[in-house]
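Observations on the three-dimensional arrangement
Here is how the chains run, residue by residue.
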Amino acid sequence: MAIMLVRAASPGLSDSHHGGNLKKKKRAPARRWMLCSLKYGIEPGRSSAVYSSLAVSPAGEAVVVSSEQKVYDVVLKQAALLKQQLRTQAPPVLDVGLQDLEIPRNGLKEAYDRCGEICEEYAKTFYLGTLLMTEERRRAIWAIYVWCRRTDELVDGPNANYITPTALDRWEKRLEDLFAGRPYDMLDAALSDTISRFPIDIQPFRDMIEGMRSDLRKARYKNFDELYMYCYYVAGTVGLMSVPVMGIAPESKATTESVYSAALALGIANQLTNILRDVGEDARRGRVYLPQDELAQAGLSDEDIFKGVVTNRWRNFMKKQIKRARMFFEEAERGVTELSQASRWPVWASLLLYRQILDEIEANDYNNFTKRAYVGKGKKLLALPVAYGKSLLLPCSLRNGQN
Ligand SMILES: CC(C)=CCC/C(C)=C/CC/C(C)=C/CC/C(C)=C/[C@@H]1[C@@H](COP(=O)(O)OP(=O)(O)O)[C@]1(C)CC/C=C(\C)CC/C=C(\C)CCC=C(C)C
Ligand SMILES: [Mn+2]
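Residues numbered from 1 in each chain as written. Chains lettered and ligands numbered in written order. Predicted model: local features only at pLDDT ≥ 70, side-chain atom pairs only at ≥ 80, totals over all residues. Heavy atoms only, no water.

1. Comments concerning the pairing of strand 6 (residues 288-291)
To keep things clear, this is the line we draw: Only protein chains enter the accessibility calculation, which uses a 1.4 Å probe; a residue whose area is less than 20% of its type maximum is buried, one above 50% is exposed, and one in between is partly exposed. Note on conventions: DSSP H or I runs of at least 4 residues are helices, E runs of at least 2 residues are strands, and numbering of each starts at the N terminus. Each pair of strands is called paired provided DSSP finds at least two bridges between the two strands.
Residue alternation in strand 6 divides its side chains into two sets, V288 and L290 and Y289 and P291, and both sets are buried. Across two bridges, strand 5 (residues 220-221) lies against strand 6 in parallel orientation. When the bridges of strand 6 are listed, R220 appears paired with V288.

If you want it as structure tokens, here you go:
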């Protein structure tokens, strides 16, 4: 397929979804356009431009598609799949796969237990949060967590220097196998079992691998449109993977699409927060995830980031970035209330804890070059009962009418 990139005027940081009023924004309708390319090719250009690919509408017109629209198409597809699979209640496929595999059914308990241990080791608070979920859901979330963690380790772990795009292709092949009921090891077997129990689609998993590929080939983001796509790949995908497991509350009046959108927003908010927290650490690895056009608008350059001096320009720039991350958290909040009751607590806990990192960056006077924003144990512990209280609230869609 041809790759066509065009530049479109962007409303800028203060008045678009990329920093603007999310509530008022009308979502793009479902499209059946042919995307020319989502991934490659950047053209140099002015600041405050959105670089988007061209799509061909059903009427044959060329139409500009932003990253947000492309990702929203994935959201619509996931929501449709969930609705369809819930209606048909497809039988587990793994029963067939496991017979071929010599992983006995009782081996699965061990596999899930190991996933739980890994989760506890890497993300203790989150692990605690999962303990309130039903056993089947908790184990499924652990299995997804472990697959995500392993995928991230490929490009961030001790062997990262040896990881090539071919290695990621092999990881993707292995993913396809586990989705077909042919897991490669015990941890994959746990995920294979999970996908046979819940209506989970492969696309967000594939897209996360795509995000890791992009980390191998790219260390700069021209504008927020590019960064948004990256955040979708490595984190928004987690939201989409998790919704079918978390489940939507039976009493919720929200649309499936709106719940997926909120889950996506939580992933984006978390990743933006990650990026803002790790500016110094990433710069020391030669990486700048911040949008280049917004840096330039603020009178800043990569050099300023490498120097790492907190100036008023930097403070002002950071204030805008923090504001945008908070707007994504806000969008996510409405969706959490629509999840099934027992799933809400861990999601609230992770939302509150992650959002507090932004407060800590402020408390550090925006020095994210040499000071790591860290939420202390006391605050972390306090977030748990607050999250629990919030998890008891009625879904927003019941309080305010339709969502
Ligand atoms: C309706 C609604 C709001 C539903 C909730 C949906 C939901 C559960 C969303 C979860 C969002 C979430 C936790 C996203 C993870 C974002 C994240 C931090 C991604 C990280 C990527 C790479 O970043 P980087 O390398 O810069 O960072 P590190 O320095 O390495 O940390 C990731 C590391 C990708 C891998 C992600 C994980 C290991 C987390 C996976 C988490 C789950 C599957 C559990 C999600 C469930 C809950 C309850 C939060
Ligand atoms: Mn990482």
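2. As for the packing of helix 3 (residues 107-122) against helix 5 (residues 135-156)
Defined as follows: Lines are fitted to the C-alpha atoms to define the axes, a helix being fitted only along its stretch in contact, and any angle between axes, read from their N-to-C directions, falls within 0 to 180 degrees. Working rule for handedness: look at the near helix, and if it is turned counterclockwise from the far one by less than a right angle, call the crossing left-handed; if clockwise, right-handed. Contacts were defined at the residue level, with two residues in contact if any of their heavy atoms lie within 4.5 Å. Side-chain classes are defined by residue name, with Ala, Val, Leu, Ile, Met, Phe, Trp, Tyr, Cys and Pro counting as nonpolar, Asp, Glu, Lys and Arg as charged, and the others, Gly among them, as polar.
It is at 8 Å that the axes of helix 3 and helix 5 come closest, and there the two elements cross at 60°. As for the relative orientation of helix 3 and helix 5, their crossing is left-handed in sense. Along the contact surface, helix 3 presents K109, Y112, C115, G116, I118, C119 and Y122, while helix 5 presents R139, A140, W142, A143, Y145, V146, R149 and E153. For the contact of helix 3 with helix 5, the class distribution of residues is ten nonpolar, one polar and four charged.

3. Overview of unusual backbone geometry
Despite not being glycine, D365 has its phi angle at roughly 55°, a positive value. The residue D365 is located in the loop between helix 15 (341-363) and helix 16 (377-391) in this model. Take D365: its relative accessible area is 38%, and that puts it in the partly exposed class.

4. Focus: the coordination of the manganese ion (ligand 2)
To keep it simple, the criterion reads: Any N, O or S atom lying within 2.8 Å of the metal counts as a donor, with the limit raised to 3.2 Å for Na, K and Ca; because water is left out of the atom set, some sites can appear incomplete.
Coordination of the manganese ion (ligand 2) by the protein comes from D152 (OD), D152 (OD) and D156 (OD), over a distance range of 2.0 to 2.6 Å. Taken as a pair, D152 and D156 lie in helix 5 at a separation of four residues, close to a single helical turn. By relative accessible area, which is 40% here, D156 ends up partly exposed.

5. Quick look at the UniProt feature "transmembrane region" (unreviewed entry) in the protein
Note the following rule: UniProt positions are given in the numbering used here, feature names are shortened, and annotations may be inferred rather than shown by experiment.
Taking the UniProt record as the reference, the feature "transmembrane region" (unreviewed entry) is found at residues 227-249. Along residues 227-249 one finds 87% helix and 0% strand; the C-alpha atoms at either end are 32 Å apart.

6. A few points about the nonpolar core
Buried together is how nonpolar side chains tend to be arranged in soluble globular proteins. To keep it simple, the criterion reads: Residues belong to a common nonpolar core when they are buried Ala, Val, Leu, Ile, Met, Phe, Trp, Tyr or Cys residues joined through side-chain atoms within 4.5 Å.
In terms of nonpolar packing, the biggest core is built from 107 residues, with W147, L227, Y232, L290, I305, W314 and I361 touching the most fellow members. It is helix 9 (residues 224-246) that contributes the most residues to this core, 15 residues altogether. Leaving out residues up to four positions away in the same chain, W147 has contacts with W171, L175, L178, D188, L191, F205, M208, I209 and M241.

7. Thoughts on helix 16
Selection rule: To estimate the expected span of a helix, count its residues, drop one, and scale the result by 1.5 Å. By definition, the arc is the one covered by directions from the helix axis to the C-beta atoms.
When the terminal C-alpha atoms of helix 16 are compared, their 21 Å separation across 15 residues agrees well with the 21 Å that a helix rising 1.5 Å per residue should span. Within the sequence span of helix 16, burial applies to A383, L384, A387 and S391. Axial view of helix 16: buried residues confined to an arc of 110°, hence all on one face. Structural note: helix 16 exposes G378, L381, L382 and P385 on the side pointing more than 90 degrees away from its buried face. Structurally, helix 16 contributes buried residues whose contacts are with helix 4 (124-130) and helix 15.

8. Looking at the site of ligand 1
Note the threshold: We call a residue near a molecule or strand whenever a single non-hydrogen atom of that residue lies within 4 Å of it. Between N or O atoms, a polar contact is any pair within 3.5 Å; within protein, one atom must be a potential hydrogen donor and the other a potential acceptor, and residues adjacent in sequence are included only when both atoms are from side chains. Using a 1.4 Å probe, accessible areas were evaluated by the Shrake-Rupley method; residue-level cover was limited to the displayed protein chains.
Looking at ligand 1, there are 29 residues lining it, with F126, D152, D156, N270 and N274 nearest. Within the side chain of D152, one N or O atom sits 2.9 Å away from an oxygen atom of ligand 1. At 3.4 Å from an oxygen atom of ligand 1 is found a side-chain nitrogen or oxygen belonging to Q271. For ligand 1, whose accessible area on its own is 1,000 Å², the fraction buried by protein is 90%. Those elements that provide at least two residues to the shell around ligand 1 are helix 5, helix 9, helix 10 (256-277), helix 14 (312-336) and helix 15. When residues in the shell around ligand 1 are grouped by element, the largest group, eight residues, is from helix 10. Of the residues that constitute the shell around ligand 1, the class distribution is 18 nonpolar, eight polar and three charged.

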